[in-house]
Amino acid sequence: MKIVYIIVSLLLVFLIYDNFFSQHSRQTPSVTINSPTPTPTQPSNKIVEPVAEFKTRITKKFYGTYITPQNSPIKPEKFTGFHTAVDVEYEDIKGDVPVYSIDDGQVIYSGQVNGYGGFIAIQYPQYIGIYGHLQPKSLLPNKSVIKKGNVIGILGQAYSAETDGERKHLHFAILKSVKLDFRGYVQTESELSLWIDPLTLFP
Ligand SMILES: [Zn+2]
């Protein structure tokens, strides 16, 4: 009988002890309630680059440069006027160069355009993004709703109909106007103000 009494006593002691600590541990979270509430992560509205190595590959034609067949870094040059875009150069890259949408938007034009070959324009909340010299067959169709970073096409093959005879490069423009304007060059500086320098979006 004595041994039973000891076992029961031990069991009771154990139960009381266990209950005390589990209650105690249940209380511990109340201590952390006073810690500062974590701030919810803000969605990033940073845009993404339209092609890999975007800034470092703009080496020949910048936004706003007045190009003539005489002063152009491209020989022979068929254009004259203020360049409305930046040209991103990929002549040294043999493989596919994907082009990305810089933001969430909707395709408002997709197809072949004189002077560009494959051409795609995307309506963004603040402006229209223009991407030229892409493979026409690689382009997302008109009216596609797209997310920032989605591939919208592949750069066209150099000196083919895909680029309208141009070298392998991306012509990338940002048009402030609500109306799509296909011009890659304009004849006056005041017309140039319909576009902005795309580099200002990538500080
Ligand atoms: Zn260009």
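The rules behind each value
Residues numbered from 1 in each chain as written. Predicted model: local features only at pLDDT ≥ 70, side-chain atom pairs only at ≥ 80, totals over all residues. Helix = DSSP H or I, 4+ residues; strand = E, 2+ residues; numbered from the N terminus. Contact = placed C-beta atoms within 7 Å. Buried ≥ 20, exposed ≤ 12 C-beta atoms within 10 Å, placed from the backbone. Pairing = 2+ DSSP bridges. Core = buried A, V, L, I, M, F, W, Y, C linked by C-beta atoms within 7 Å. pLDDT = per-residue confidence, 0-100.

**Details of the overall build of the protein chain**
In step 1: Helix and strand counts for the protein chain come out as two helices and 12 strands.
In step 2: Its helices and strands in sequence order give the protein chain the pattern α-β-β-β-β-β-β-β-β-β-β-β-α-β, from N to C terminus.
In step 3: Counting contacts in the protein chain only where the partners sit at least 6 residues apart, residues at least 24 apart contribute 63% of the total.

**Comments concerning the pairing of strand 10 (residues 169-175)**
In step 1: The element strand 10 is extensively covered by neighbouring structure, given that seven of its seven residues are classed as buried.
In step 2: Burial of the side chains of strand 10 extends over both faces: His-169, His-171, Ala-173 and Leu-175 are buried on one face and Leu-170, Phe-172 and Ile-174 on the other.
In step 3: Relative to strand 10, strand 3 (residues 86-89) runs antiparallel, the two sharing four bridges. Across the sheet, Val-88 pairs through a bridge with Leu-170, a residue of strand 10.
In step 4: Where strand 10 and strand 12 (residues 195-196) come together, two bridges link them in antiparallel fashion. In the strand pairing of strand 12, Leu-175 is matched with Trp-195.

**Comments concerning the sheet that holds strand 11 (residues 185-186)**
In step 1: The strand order across the open sheet formed by three strands is 1-2-11, and the pairing between neighbours is antiparallel. Because the sheet does not close on itself, it has two edges, and the strands there are strand 1 (66-67) and strand 11.
In step 2: Relative to strand 11, strand 2 (residues 81-83) runs antiparallel, the two sharing two bridges. Of the residues in strand 11, the one forming a bridge with His-83 is Tyr-185.

**Quick notes on unusual backbone geometry**
In step 1: Residue Lys-75 is joined to Pro-76 through a cis peptide bond whose omega torsion reads -10°.
In step 2: With a phi close to 55°, Glu-53 is a non-glycine residue in the positive phi region.
In step 3: In this structure, Glu-53 sits in the loop between helix 1 (2-32) and strand 1.
In step 4: Notably, Asp-164 is not glycine yet its phi reads approximately 55°, a positive angle.
In step 5: Take Asp-164: it is sitting in the loop between strand 9 (151-154) and strand 10.

**Some points on the nonpolar core**
In step 1: Counting residues in each nonpolar core, the largest one holds 32 residues, and the members touching the most others are Val-99, Ile-120, Ile-130, Tyr-131, Phe-172, Ala-173 and Leu-175.
In step 2: Elements represented by at least two residues in this core include exactly strand 3, strand 4 (98-100), strand 6 (117-123), strand 7 (128-134) and strand 10.
In step 3: Tallying contributions element by element places strand 10 first for this core, with five residues.
In step 4: With residues near it in sequence (within four places) discarded, Tyr-131 still touches Pro-50, Val-99, Ile-120, Ile-152, Gly-153, Leu-170 and Phe-172.

**Section: the confidence of the model for the protein chain**
In step 1: The predicted model of the protein chain has a mean per-residue pLDDT of 85, with 78% of residues at 70 or higher.
In step 2: A low-confidence stretch, residues 19-33 (pLDDT under 50), is modelled with zero contacts involving residues beyond four sequence positions or located in other chains.

**Observations regarding the environment of Tyr-90**
In step 1: Tracing the sequence through the fold places Tyr-90 in the loop between strand 3 and strand 4.
In step 2: Aside from chain neighbours lying at most four places away, what touches Tyr-90 is Arg-57, Val-97, Leu-155, Lys-168 and His-169.

**Section: the environment of Ala-85**
In step 1: Note on placement: Ala-85 falls in the loop between strand 2 and strand 3.
In step 2: Here Ala-85 is in contact with Tyr-63, Ile-130, His-171, Phe-172, Ala-173, Gly-184 and Pro-198, once residues within four sequence places are set aside.

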